[in-house]
Amino acid sequence: MDLPMAPPAVDTTTGREQRAHADRGADIGAGCGLVLLELISLVVIFGLWFLSGVTLDPGTAVETDSLWGYLAAAGGVGVLAVVSAAIAARVGATVTVVSQGVMAALICLLVFGGATVQSHEDATCRATPAAGCDG
């Protein structure tokens, strides 16, 4: 004997209302992994800038490199964060979207702050050449 079956109340597996969401575990893993890789790349970029002004010879005067090239590299990391946030938004990975949005905002603040400091240093060196300037 076949019993009658009621149709499902809401069927979101087909049709207009179908929404693709990323698996929550994969979403969290991708978000944390991307943040970790971005932080590592920022530490390497600004670590290289810091090491450009370090010497073990006490007799030589060393000047740090200009910050502009390092800021451009950090800006590239920020662009990758924005692109990955856009891709994650398309897939429905909300954790990755939020984490990449926060990283993009932090990198933006870092780049604009560094540009302000470097342009101030460039203007100061142009006005009055000093020992710390390229001359």
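Rules of the game
- Residues numbered from 1 in each chain as written.
- Predicted model: local features only at pLDDT ≥ 70, side-chain atom pairs only at ≥ 80, totals over all residues.
- Heavy atoms only, no water.
- Core = buried A, V, L, I, M, F, W, Y, C linked by side-chain atoms within 4.5 Å.
- Buried < 20%, exposed > 50% of the residue type's maximum accessible area, 1.4 Å probe, protein only.
- Helix = DSSP H or I, 4+ residues; strand = E, 2+ residues; numbered from the N terminus.
- Contact = heavy atoms within 4.5 Å.
- Salt bridge = Lys/Arg side-chain N within 4 Å of Asp/Glu carboxyl O.
- Expected span 1.5 Å × (residues − 1).

Colleague: How should the nonpolar core be read in this particular structure?
Modeller: Across soluble globular proteins, nonpolar side chains have a tendency to be buried as a group. If you look at the biggest cluster of nonpolar residues, it comprises 12 residues: Val35, Leu42, Ile45, Leu67, Tyr70, Leu71, Ala74, Val77, Met103, Ile107, Val111 and Ala115. Those elements giving two or more residues to this core turn out to be helix 1 (24-51), helix 2 (68-91) and helix 3 (94-127). Discounting residues that sit within four places of it in the chain, Ile45 has contacts with Tyr70, Ala73, Ala74 and Val77.

Colleague: Quick question: what am I supposed to make of the pattern of salt bridges here?
Modeller: Proximity of charged atoms lets side chains of opposite charge pair with each other. According to the stated counting rule, one finds one salt bridge in the structure shown. The partner of Asp27 in a salt bridge is Arg24, with the nearest N and O atoms 3.5 Å apart. Remark: Arg24 and Asp27 occur in helix 1; sequence separation between them is three residues, near one turn of the helix. For Asp27, a relative accessible area of 2% corresponds to the buried category.

Colleague: Teacher, can you tell me more about the side chain of Gln118 here?
Modeller: Among the structural elements, Gln118 can be located in helix 3. Overall, the relative accessible area of 6% leaves Gln118 in the buried class. Those residues in contact with Gln118, other than ones at most four positions away along the chain, are Ser66, Leu67 and Trp68.

Colleague: Could you clarify how one ought to interpret the environment of Gly113 in this entry?
Modeller: Inspection of the secondary structure puts Gly113 in helix 3. When the C-alpha atoms of Gly113 and Leu71 are compared, they prove to be 9.8 Å apart, with 42 residues separating the residues in sequence.

Colleague: Help me out: how do you make sense of the side chain of Thr96 in this one?
Modeller: Tracing the sequence through the fold places Thr96 in helix 3. Excluding its chain neighbours within four sequence positions, the residues that come into contact with Thr96 are Asp27, Ala30, Gly31, Leu34 and Ala88.

Colleague: Help me understand helix 3 in this model?
Modeller: Working note: α-helix, 3.6 residues per turn, so residues spaced by three or four point in the same direction. Between its first and last C-alpha, helix 3 extends 49 Å over 34 residues, near the 50 Å set by a 1.5 Å rise per residue. Turning to helix 3, its buried residues number three or more, namely Thr96, Ser99, Gln100, Met103, Ala104, Ile107, Val111, Gly114, Ala115 and Gln118.

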